[in-house]
Amino acid sequence: MSTLKDLLTADMRNALKARDELTTSTLRMALAAIGNAEVAGKAKRELSDDEVLSVLTKEAKKRREAATAFADAGRVEQAEKERAEGEVLDRYLPKQLSDEELAELVRGALAGGGFEGKAQLGPAMKASQAAVAGRAEGGRVAAEVRRQLGV
């Protein structure tokens, strides 16, 4: 079992004992998503910490998108619940890069690969994503790569 998954399980149990309903339900949901990812495919397998982090990132993104959708629909209470769940998940995610840090990492990845122009957008994105390593959302990375390539 991965150490991050162990941490999530232990924190969920502690939240359950402390009767912290928000944290308990959020971590249960996250562990269920991890369990689903483990059984996806041909055979059940244990996820690495990086794979668990990827699942948590997707779940946090779902919470942000749902909060925005609920807020736009005027369902403030539900939007607040989604934001609170997102904050619980953010505790387990790496600190997000600032715009300046993201621009610097993308600049380095583009210079290192010699990427220029629209034709090399795909390989440039792949190199930039690897440099960022999950510390910024894909949309932010894509926007910065396009900006720097002039696309």
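Not measured: the values here are computed from a predicted model.

1. Side note on the nonpolar core
The biggest cluster of nonpolar side chains holds 17 residues, and the ones touching the most others in it are Leu8, Leu27, Ile34, Val52, Leu56 and Tyr92. Secondary structure elements with two or more residues in this core: helix H1 (3-17), helix H2 (21-39), helix H3 (49-72) and helix H4 (76-90). Considering every element that reaches this core, the biggest residue donor is H2, with 5 residues. Sequence-distant contacts of Leu8, that is, excluding residues within four places in its chain, are made with Leu27, Leu31, Ile34, Val52, Leu56 and Tyr92. Membership of the second largest hydrophobic core comes to 14 residues, among which are Leu110, Met125, Ala136 and Val141.

2. Some remarks on the pattern of salt bridges
All chains considered together, the criterion is met by 14 salt bridges. Arg140 is paired through a salt bridge with Asp99; the nearest N and O atoms lie 3.0 Å apart. In this pair, Arg140 is assigned in helix H7 (residues 138-149) and Asp99 in helix H5 (residues 99-113), connecting sequence segments 41 residues apart. Its relative accessible area of 53% is what places Asp99 among the exposed residues. Sharing partners across several salt bridges, the network here consists of Glu59, Lys62, Arg63, Lys81, Glu82 and Glu85.

3. Topic: unusual backbone geometry
Residues other than glycine seldom take positive phi values, yet Arg19 does so here, at roughly 60 degrees. Turning to its location among the elements, Arg19 is positioned in the loop between H1 and H2. Accessibility expressed as a relative area gives 75% for Arg19, which makes it exposed.

4. A look at H2
Here H2 contains 19 residues, and its C-alpha end-to-end distance of 27 Å stays within 8% of the 27 Å for a straight helix at 1.5 Å per residue. Residues of H2 that are buried include every one of Thr23, Thr24, Thr26, Leu27, Ala30, Leu31, Ala33, Ile34 and Glu38, and no others. Next to the buried residues of H2 lie H1, H3 and H4. In the stretch just after H2, Gly41 is the one whose phi turns positive, near 100 degrees.

5. Comments concerning H7
The end-to-end C-alpha distance of H7 is 16 Å, a good match for the 16 Å that 12 residues give at a rise of 1.5 Å each. All of the buried residues in H7 are Val141, Ala142, Glu144, Val145 and Leu149. The buried side chains of H7 occupy one side of the element, clustering within an arc of 165 degrees when seen end-on. H7 presents Gly139 and Arg147 as exposed residues on the side facing more than 90 degrees away from its buried surface. Those residues of H7 that are buried are in contact with H5 and helix H6 (121-132).

6. Looking at the environment of Ala33
Here Ala33 lies in helix H2. Among the residues examined, Ala33 registers a relative accessible area of 15% and is labelled buried. Placed 118 residues apart in sequence, Ala33 and Val151 show a C-alpha to C-alpha distance of 36 Å. Those residues in contact with Ala33 that sit more than four places away from it in its chain are Val55 and Glu59.

7. Re the domain arrangement of the protein
Taken domain by domain, the protein consists of domain 1 (4-91) and domain 2 (99-149). Here the C-alpha centre of domain 2 lies 28 Å away from the C-alpha centre of domain 1.

Cut-offs used in this document
- Residues numbered from 1 in each chain as written.
- Predicted model: local features only at pLDDT ≥ 70, side-chain atom pairs only at ≥ 80, totals over all residues.
- Heavy atoms only, no water.
- Core = buried A, V, L, I, M, F, W, Y, C linked by side-chain atoms within 4.5 Å.
- Buried < 20%, exposed > 50% of the residue type's maximum accessible area, 1.4 Å probe, protein only.
- Helix = DSSP H or I, 4+ residues; strand = E, 2+ residues; numbered from the N terminus.
- Contact = heavy atoms within 4.5 Å.
- Salt bridge = Lys/Arg side-chain N within 4 Å of Asp/Glu carboxyl O.
- Expected span 1.5 Å × (residues − 1).
- Arc of directions from axis to C-beta.
- Domains from an automatic or database assignment.

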